[in-house]
Amino acid sequence: MTDLTPCDCGSGLRRVRCCALDFADLAPASAHAVLSPLMAQAEAHFAAGDVAAAEQAALQVLELAPGREDALLLHARLCRQLGRSKAAEALLRRAVALNPNHFWATNDLTLLLLAQGALAEAEGHARNTIRIAPQNPQAHNLMGLVLTEANRPQVGEYHYRQVLALTARDEPVTWANLAWNLKAQGRIDEARALYQRAIASPPPVQQTYLGYAKMEEADRKFERALEILDEAERLFPGTPSMRLTRATVLARLGQHEAALALLNALEQGGGLLGPSELSEKGRLLERMGLHDEAFACFDEGKKRALAFGARPYMAAQAGDLVARLQGFFSARRLATLPVAQARLDMPQPVFILGFPRSGTTLIEQTLSVHPQIAAGDELPFINDITQIMPRILASPLNYPEALAELWMGDQRDGLEELRDYYLRRAAKAGYSRTRQGFSRIRCR
């Protein structure tokens, strides 16, 4: 009996041809040749902007050859263009599973995961693009994007500069990406020079103007930010992200009513406010003392983010980790775990712990005024250590249980290895130029 049940992911394919597909039933790639003319039609429709015809042809190909890589990639791009991110993710995961060395499928999956905020998984796939094609500029661009977003801009900078070295030509988009990266490092003058260079190079790119304006807003150059947004509005009239940034700048200037009116105009103009717009509207309402309305905006923003493919809070996993941490770090164990000695030949880390909005940023800014202290912001190295700990300690267990290996004779220097890993990463990130470096750890 033929199963006609459509797949829950929204791809338009039958389940047996999509998420319930058995790879063992797939025909060899050589059997797909007869479908090449139909695939060529799908690609031609896509290039011409005829999304409906392109999807229909792609579905026909995948119904007959559900493992055909170019059809999976094209249909994933169509689904993402149509806002069906769940289907796009399912199709890309299948393409990568069938061929882990497919560069563009891995590229597209990385970008989709990055947009969803799944940074750890996105990084894994981005690293694989470099393994697949180490001389491909786009592979390094992906790593730059992911690492900058993951708060590791120093390493991300290396990959953006690799893009420029490998292309050996003017790359205004890469200049803008690198500028955003440098802004994250606090190197505002360098970032500003790159943004100016990027916007002077045609054609104009919307995201470049947006990033430039946000950088000036972050540097409290509010009037300059508004000038950039004025020019962007002339080039890209009616762009919601530009108006959102304008609302943010107006709010920073204390013009809360004007900023709120701008966001309301976006919604009344027929546009559905996205998660970012709703979050900004919530912040404005909160500053104006309208707390109930602000909470409603935050709530709706989170709901729309989930609808657009954002990852939900993993309550079960978080609860399990907390229970394991409580179970392992008992008073008896803490009293018997070894303690690593301080390395006196290099800068020492200082950790500032606190909950969000508890003042850790203010403490960081105060301390970093001292010339012998470098601010590290929220560095990811401690979390990285929890991931690599089983390998370093040769343990079959995950963190925190892997720390039990420290009681073994052949792992009694394990904490020193973990300490040195952290210090090496900090040195690579540029925090060894001073006597002290520190990072903030937010308790969630």
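About the cut-offs
- Residues numbered from 1 in each chain as written.
- Predicted model: local features only at pLDDT ≥ 70, side-chain atom pairs only at ≥ 80, totals over all residues.
- Heavy atoms only, no water.
- Core = buried A, V, L, I, M, F, W, Y, C linked by side-chain atoms within 4.5 Å.
- Buried < 20%, exposed > 50% of the residue type's maximum accessible area, 1.4 Å probe, protein only.
- Contact = heavy atoms within 4.5 Å.
- Helix = DSSP H or I, 4+ residues; strand = E, 2+ residues; numbered from the N terminus.
- Expected span 1.5 Å × (residues − 1).
- Arc of directions from axis to C-beta.
- 1 Å grid on protein atoms, 1.4 Å probe; cavity = no way out; pocket = protein on both sides within 12 Å on 5 of 7 lines; lining within 4 Å.
- Points joined across faces, edges and corners; volume = space filled by probe spheres on them.
- Nonpolar A, V, L, I, M, F, W, Y, C, P; charged D, E, K, R; others polar.
- Phe/Tyr/Trp six-rings, centres within 6.5 Å; stacked < 30°, edge-to-face > 60°.
- Lys NZ or Arg CZ within 6 Å of the ring centre and 35° of its normal.
- Patch = residues over 30% accessible without salt bridge, like charges linked within 9 Å, V, L, I, M, F, W, Y side chains within 5 Å.
- Areas by Shrake-Rupley, 256 points an atom, 1.4 Å probe, with all protein chains shown as cover.
- Salt bridge = Lys/Arg side-chain N within 4 Å of Asp/Glu carboxyl O.
- Axes fitted to C-alpha atoms, helices over the stretch in contact; angles between N-to-C directions.
- Parallel < 35°, antiparallel > 145°, perpendicular 65-115°, else oblique.
- Left-handed = near helix turned anticlockwise from the far one by under 90°.
- Disulfide = S-S within 2.5 Å.

Caption draft 1: Representation of the nonpolar core. In terms of nonpolar packing, the biggest core is built from 45 residues, with C9, V61, L78, L91 and L92 touching the most fellow members. For L91, the contacting residues outside a window of four places in its chain are S11, L13, L72, H75, A76 and C79. Ranked by size, the runner-up nonpolar core spans 25 residues in total, among them W175, Y209, Y212 and I228.

Caption draft 2: Inspection of helix α16 (residues 291–307) at higher detail. Taking 1.5 Å per residue as the helical rise, α16 with its 17 residues ought to reach 24 Å, and the 24 Å between its terminal C-alpha atoms agrees with that figure. Every buried residue of α16 is listed here: A294, C297, G301, R304 and A305. Buried residues in α16, looked at end-on, bunch into an arc of 105°, giving them a common side. Every exposed residue of α16 that faces more than 90 degrees away from the buried side is listed here: D292, F295, K302 and A307. Residues of α16 that are buried in the fold lie against α14 (256–268) and α15 (275–287). Looking one or two residues beyond α16, the residue adopting positive phi is G309, at roughly 105°.

Caption draft 3: Structural context of empty space enclosed by the protein. All chains considered together, the criterion is met by two cavities of 30 Å³ or more. When contributions to the lining of the second largest cavity are tallied by element, the ones reaching two or more residues are α10 (188–199) and α11 (206–218). Class assignment for the residues of the lining of the second largest cavity results in seven nonpolar, two polar and no charged.

Caption draft 4: A look at the packing of aromatic side chains. A complete count under the given rule lists seven aromatic pairs for this structure. Their ring planes at 75° and their centres at 5.7 Å tell us that F381 and Y422 sit as a pair that is edge-to-face. Here F381 is found in helix α20 (residues 381–392), whereas its partner Y422 is found in helix α21 (residues 414–428), with 41 residues between them in sequence. A single burial state applies to F381 and to Y422, both of which are buried. An aromatic cluster of at least three residues, connected via ring pairs, comprises F328, F329 and Y399. Between the NZ or CZ atom of K183 and the centre of the ring of W180, over which it lies, the distance is 4.3 Å. The lysine or arginine in question, R197, covers the ring of W175, its NZ or CZ lying 3.9 Å from the ring centre.

Caption draft 5: Representation of a nonpolar patch on the surface in the model. On the surface, a nonpolar cluster with roughly 270 Å² of combined accessible area is contributed by F351, L353 and I382. Look at I382 and you get partly exposed, because its relative accessible area is 37%.

Caption draft 6: Region of interest: the environment of L178. Turning to its location among the elements, L178 is positioned in helix α9 (residues 172–184). Residue classification places L178 among the buried residues on the basis of a relative accessible area of 1%. Placed 73 residues apart in sequence, L178 and A105 show a C-alpha to C-alpha distance of 24 Å.

Caption draft 7: Main features of α20. In this model, α20 (twelve residues) spans only 15 Å end to end at C-alpha, well below the 16 Å of a helix rising 1.5 Å per residue. Within α20, burial applies to F381, D384, I385, T386, I388, M389, P390 and I392. The inward-facing, buried residues of α20 contact α21. A positive phi of about 55° marks A394, the residue just after α20.

Caption draft 8: Region of interest: the layout of surface pockets. Of the voids in this model, the second largest pocket is the one considered here, and its volume is about 270 Å³. Lining the second largest pocket are 14 residues, with R127, R152, V155, R425 and K428 positioned closest to its centre. Looking at the lining of the second largest pocket, the elements that each hand over two or more residues are α6 (119–132), α8 (153–167) and α21. With four residues, the single largest contributor to the lining of the second largest pocket is α21. Residues belonging to the lining of the second largest pocket are distributed by class as follows: six nonpolar, two polar and six charged.

Caption draft 9: Expanded view of the packing of α8 against α9. Relative to each other, α8 and α9 sit at 160°, their axes nearing to 10 Å. Judged by the inter-axis angle, α8 sits roughly antiparallel to α9. In this structure, the crossing between α8 and α9 has a hand that is left-handed. Residue-level inspection shows P153, G156, E157, Y160, R161, V163 and L164 of α8 in contact with α9, the latter providing T174, W175, N177, L178, N181, L182 and A184.

Caption draft 10: Structural context of the state of the cysteines. Counted under the stated rule, the structure contains zero disulfides. Left without a disulfide partner, C18 is nearest to the cysteine sulfur of C9, which lies 3.6 Å away.

Caption draft 11: Region of the structure containing the side chain of H125. The residue H125 is located in helix α6 in this model. When its relative accessible area of 16% is taken as the criterion, H125 is described as buried. Contacts of H125, omitting those with residues within four sequence positions, involve V96, T106, L109, T110 and L113.

Caption draft 12: Structural context of unusual backbone geometry. Residue P203 is reached from P202 by a cis peptide bond, and omega for that bond is -5°. Tracing the backbone through its elements, the reader meets P203 in the loop between α10 and α11. Backbone torsion omega between Y399 and P400 reads 5°, so that peptide bond is classified as cis. The phi angle at R357 is positive, at roughly 65°, despite the residue not being glycine.

Caption draft 13: Seen up close, the pattern of salt bridges. Here the structure, examined in full by the defined rule, presents 32 salt bridges. When the shortest N-O distance is used, the salt bridge between D320 and R324 registers 3.8 Å. Pair noted here: D320 and R324 are both in helix α17 (residues 315–328), with a separation of four residues, about one helical turn. Taking the relative accessible area as the measure of exposure, D320 reaches 43% and is therefore partly exposed. Among the salt bridges present, the one from D420 reaches R419, with a minimum N-O distance of 2.9 Å.

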